[in-house]
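# Chain and residue survey
What follows is each chain in one-letter form.
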Amino acid sequence: MQRTESSPNGHQQLQGRYSRSRRVGGSSPIIKCLHKYRTDRRALATFGLLLLCVTACIRSSSAARIAAPPIHTKPYRVLLVVEHWSDPYGLVVSSETDKFQPVAALLKAWSIPFDILRLDHQHLDATYLFRRSGGIRYGAVVWLADPSSYGEQDIGSLEAATRAGIGLVVIDSRALDSTLGKLLGLKFKDFYTSTDIFQVTKQHFITRDIAAGNNVLPPQSHDYSNRLWVQPIHAEVLIAQGQHPVLTVNQLGSDVSAIWLGSPNLSMLCESGFWKNLLFRSLVWSLGYVVVPNADYGHRIIFELDDWGTSDKGFLSYWRYLEPSEEIIRRDLIVPLQRHHGMASAEVDTGYVDRQSKRVVSPWTRKFTDLYGLNQDYASTLRGLKNAVEAGVLDIESHGWTHMEPNLESPPGPWWTADLSGEGSMVGWYAEFADQRRGEEVPAVTQIYHMERSLAELQEDFGEQALELKPGNNSWSTSQFNNTAGLAARVGFGLFHGDKATYYLDHELVLDMANVVPDFNTRYDLLDVLKPERWPDHPDGPVILGFHDRDIALDHNFMERLFAALPSNYQTFGTNQYIGIIHTQISSFPDSEGLHLSFAQDSHYCAYFANHPSSWQLWLSDPLREQLAASHQEVSIDDKPTSIREADFKGETLAIDLPPGLGIHSWKLEAAKNSKEP
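Residues numbered from 1 in each chain as written. Predicted model: local features only at pLDDT ≥ 70, side-chain atom pairs only at ≥ 80, totals over all residues. Heavy atoms only, no water.

## Remarks on the overall build of the protein
Looking only at helices and strands, one finds 17 helices and 35 strands in the protein. For the protein, buried positions account for 54% of its 678 residues. Sequence separation of 24 or more characterises 74% of the internal contacts of the protein that already satisfy a separation of 6 or more. Accessible surface, the protein: about 30700 Å² in total, of which carbon and sulfur atoms supply 51%. (Helix = DSSP H or I, 4+ residues; strand = E, 2+ residues; numbered from the N terminus. Buried < 20%, exposed > 50% of the residue type's maximum accessible area, 1.4 Å probe, protein only. Contact = heavy atoms within 4.5 Å. Areas by Shrake-Rupley, 256 points an atom, 1.4 Å probe, with all protein chains shown as cover.)

The following block contains the structure:
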């Protein structure tokens, strides 16, 4: 018999024969053969279907193994817990009265957002640590408090927060609360003094720079300070001084740790690169990531030229000179700055105190021969300053309104008619924000009036929004209600610089940047003693160097001599650029997959970035970096894709370069939506 089952027609013939056989009710061999054929065919079809299902399951299982798990990051914000804050209103942080100032200043310099919880006025509980939705509010808690008793503070809420993912960094604290000690895996034992050398006892992300030789262990041979002796219970010791732990970590979960740092005091965190590096890397480890300005502050300097527009140069015997003209400003300021790709700030007074009319008038209308026979032409000065602004080498900032005592009438005045060889020459009359002549502070309402007049008239004269206030004569009021820096923040300044004090300002915080932003002064006749090689290291903020319009008036080669006196690797930095950087508000979206950051640059403090890009450096902890590298990632800036390579994840940092433009910039690092799994 010819086989036909290999074709559809053959199959129909067999089915016909099978049907006929059934009709006659036979059970011949051919019928049995046909029945077996049908059974085998069904089995084969069933097996094929099963094979397809198994294959799909295997592929699905394989894809599940290949696909990286979703990455959720911690909130990019720190809660700074302090024992005491001298300002009852929680506004001004002073290096003289607030022990925690060095840490707050470093957090601000590093652009790490933070809130301050003060145990002297606030009660720690879950409301500070958790959002209404139940998620954590902070990525890490930095604990600086060291009381003998924590009273009714709810330290248990901190334990719950660590279970939810908040990291803990405790610095210079005995951690006497039992719950706090349990989190750290430590127990305070005693105080001690030792000159033994430090030793790295365990390799870790936090100590990597030391192991690599990039940050040497500090010598201890002459350090007799009292230190805290803690006994490890569960914690691992990363650095020790003999038998005494110096740095410990207690890993509470896969991405949660409690770190204890036994620095001699908090000020050492600013003064010592070793301790500062340990704090920074502890924060990266605890948060998972940190975003810092990509600026070489260690070789950056801000030039500030004071006294533009003031009246005293025309009548004080010890401060007389010709206000620089348009031509002098072009030749002796603009050209040298352009030649060295430099930038400077003019600290301007817009209120000219006129003894003849006994009024405050505009300096730019003054054209006269002064008491010493010099032909003063302030209108020419205005043109020169405007030319420098247009050339892009000058920021216009406020030196106050008049540079003079607001009360010119009361004894020992009136100043208007005082002999300029006697009472009228007294230095105290030429300080605007503190009454040096009478030994009093200037009332807040008067200071605010002078600041607002200065801001309004600088806008009128130059079309510029001043963001820095530099009080004349390095004189200002410091009490709680008359604090000049606090009042400057209220009217909208972003930086306060008083020769020997620099404050970050916004409407919620007035922060002393001592030991982060160093400042010096020089003169045309003091350049030989400037000695930049003796300046302290300043990797977290630029040097601010002050001098005067007087210096280019009396020495037309001053700017070239100044550049020659500086190290060749120093570059200038604009005041408004620096203010824009430290006021950029960085936040994250921890509920999203991947790493999503936003950079808010407003039109007031960050106006510099309207026409300039900004650059940032993203530090990644090892665990987060490995997670990000485990799957194909794509990066976008303002929802526009940008390239990233696998090699970019081999180091600890990534560059983030934002385009010019104000508002909110977004930076997203997330799994590619259409990536092909290997």
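## Notes on the nonpolar core
Core analysis: the biggest nonpolar cluster contains 87 residues, and L80, L618 and W667 have the highest contact counts within it. Tallying contributions element by element places helix 9 (residues 273–287) first for this core, with nine residues. Ignoring anything within four residues of it in the chain, the contact list for W667 reads L595, H596, L597, F599, L618, V635, S636, I637 and I656. Within the second largest apolar cluster, 57 residues are counted, among which are V92, V348, L530 and F547. (Core = buried A, V, L, I, M, F, W, Y, C linked by side-chain atoms within 4.5 Å.)

## A closer look at the packing of aromatic side chains
In this structure the tally under the stated criterion is 33 aromatic pairs. With centroids separated by 5.7 Å and ring planes inclined at 55 degrees, the aromatic side chains of W143 and Y150 adopt a geometry described as tilted. Here W143 and Y150 have matching classes, each one buried. Here the aromatic rings of F198 and W275 are separated by 5.9 Å at their centres, their planes lie at 85 degrees, and the arrangement is edge-to-face. Within this pair, whereas F198 is found in strand 7 (residues 198–200), its partner W275 is found in helix 9, the two being separated by 77 residues in sequence. Clustering of aromatic rings is evident, with ring pairs tying together F303, F547, F558 and F563. The ring of F205 has R281 sitting right over it, with the charged end atom 4.3 Å from the ring centre. (Phe/Tyr/Trp six-rings, centres within 6.5 Å; stacked < 30°, edge-to-face > 60°. Lys NZ or Arg CZ within 6 Å of the ring centre and 35° of its normal.)

## Here we look at unusual backbone geometry
A cis amide bond links P411 with the next residue in sequence, P412, at an omega value of 10 degrees. Its location among the elements puts P412 in the loop between strand 19 (394–398) and strand 20 (434–435). Residues G413 and P414 are joined by a peptide bond in cis, for which omega reads 10 degrees. With respect to the element layout, P414 can be found in the loop between strand 19 and strand 20. The backbone of N515 shows a phi angle near 70 degrees, a positive value even though the residue is not glycine. Within the element layout of this structure, N515 appears in the loop between strand 25 (510–512) and strand 26 (519–521).

## Thoughts on the environment of F433
Among the structural elements, F433 can be located in the loop between strand 19 and strand 20. Residues F433 and P471, spaced 38 residues apart in sequence, show a C-alpha to C-alpha distance of 6.7 Å. Not counting the four nearest positions on each side in its chain, F433 is found in contact with G400, V442, Q447, H450, M451, L469, P471, S475, W476, S477 and T484.

## Things to note about helix 5 (residues 155–163)
Every α-helix carries 3.6 residues per turn, so stepping three or four residues along brings you back to the same face. Of all the residues in helix 5, the buried ones are I155, S157, L158, E159, A161 and T162. Considering only its buried residues, helix 5 is in contact with helix 4 (126–129), strand 4 (140–143), strand 5 (167–171), helix 6 (178–184), strand 10 (244–253) and strand 11 (256–261). Count one or two residues on from helix 5 and you reach G165, which has phi positive near 125 degrees.

## Observations regarding the confidence of the model for the protein
Across the protein, the average pLDDT comes to 89, with 88% of residues at 70 or higher. A low-confidence stretch, residues 1–39 stays under pLDDT 50, and its non-local contacts, those more than four residues away or across chains, total 18 contacts. Here residues 43–66 is a poorly scored stretch, pLDDT under 50, and it has two contacts once near neighbours within four places are set aside; other chains count. (pLDDT = per-residue confidence, 0-100.)

## Quick notes on the sheet that holds strand 34 (residues 653–658)
Backbone-to-backbone hydrogen bonds pair the strands of a sheet. The strands run either parallel or antiparallel. If you trace the three strands from one edge of the open sheet to the other, you get 12-31-34, paired in antiparallel fashion. Only two strands of the sheet have a single neighbouring strand rather than two, namely strand 12 (289–293) and strand 34. Ignoring strand direction, the axes of neighbouring strands in this sheet form an average angle of 25 degrees. As paired strands, strand 12 and strand 31 (residues 614–620) are joined by five bridges and run antiparallel to one another. Counterpart to Y289 in the pairing with strand 31 is L620. (Pairing = 2+ DSSP bridges. Axes fitted to C-alpha atoms, helices over the stretch in contact; angles between N-to-C directions.)

## Regarding the pattern of salt bridges
Overall, the coordinates contain 30 salt bridges when judged by the stated rule. Of the charged contacts, one joins R227 and D223 as a salt bridge, the two residues approaching to 2.4 Å between their closest N and O atoms. You can call R227 buried: its relative accessible area is 4%. Judged by relative accessible area, which is 22%, D223 ranks as partly exposed. Here E327 ties to R330 by a salt bridge, and the two come within 2.8 Å at their closest N and O atoms. Of the two residues, E327 and R330 are both situated in helix 10 (residues 326–339); the distance of three residues between them amounts to about one turn of the helix. One continuous salt-bridge network, built from bridges that share partners, spans R208, D209, R281, D622, R625 and E652. (Salt bridge = Lys/Arg side-chain N within 4 Å of Asp/Glu carboxyl O.)

## Things to note about the pairing of strand 31
Within strand 31, five of the seven residues are buried, which leaves the element mostly enclosed by the surrounding structure. Judged from the six bridges that link them, strand 31 and strand 34 form a sheet pairing that is antiparallel. Note on strand 34: the bridge partner recorded for Q617 is A655.

## Quick word on the sheet that holds strand 7
Pairing is mixed across the open sheet formed by eight strands, whose spatial order is 3-1-4-5-11-10-9-7. Whereas interior strands pair on both sides, the edge strands pair on one side only; in this sheet they are strand 3 (114–118) and strand 7. Recorded for the sheet is a direction-independent mean angle of 15 degrees between the axes of neighbouring strands. Bridging between strand 7 and strand 9 (residues 236–241) involves three bridges; their strand directions are antiparallel. Following the sheet pairing, Q199 is matched in strand 9 by A240.

## Thoughts on the environment of N265
Here N265 is to be found in the loop between strand 11 and helix 8 (268–271). With a relative accessible area of 30%, N265 lands in the partly exposed category. Along the sequence, N265 and K99 sit 166 residues apart, while their C-alpha atoms lie 9.2 Å from each other.

## What about the side chain of S454?
In this fold, S454 is placed in helix 12 (residues 444–462). Apart from residues lying up to four places away in sequence, S454 is in contact with T350, S398, G400 and W401.

## Re the pairing of strand 10
Counting buried positions along strand 10 gives seven out of ten residues, so the element sits mostly inside the fold. Hairpin geometry of strand 9 and strand 10 is characterised by an intervening segment of two residues between the two adjacent antiparallel strands and by a positive phi of about 65 degrees at G242. Sheet topology note: the strand 10/strand 11 ladder contains six bridges and is antiparallel. Within the sheet, the bridge partner assigned to V249 lies in strand 11 and is I259.

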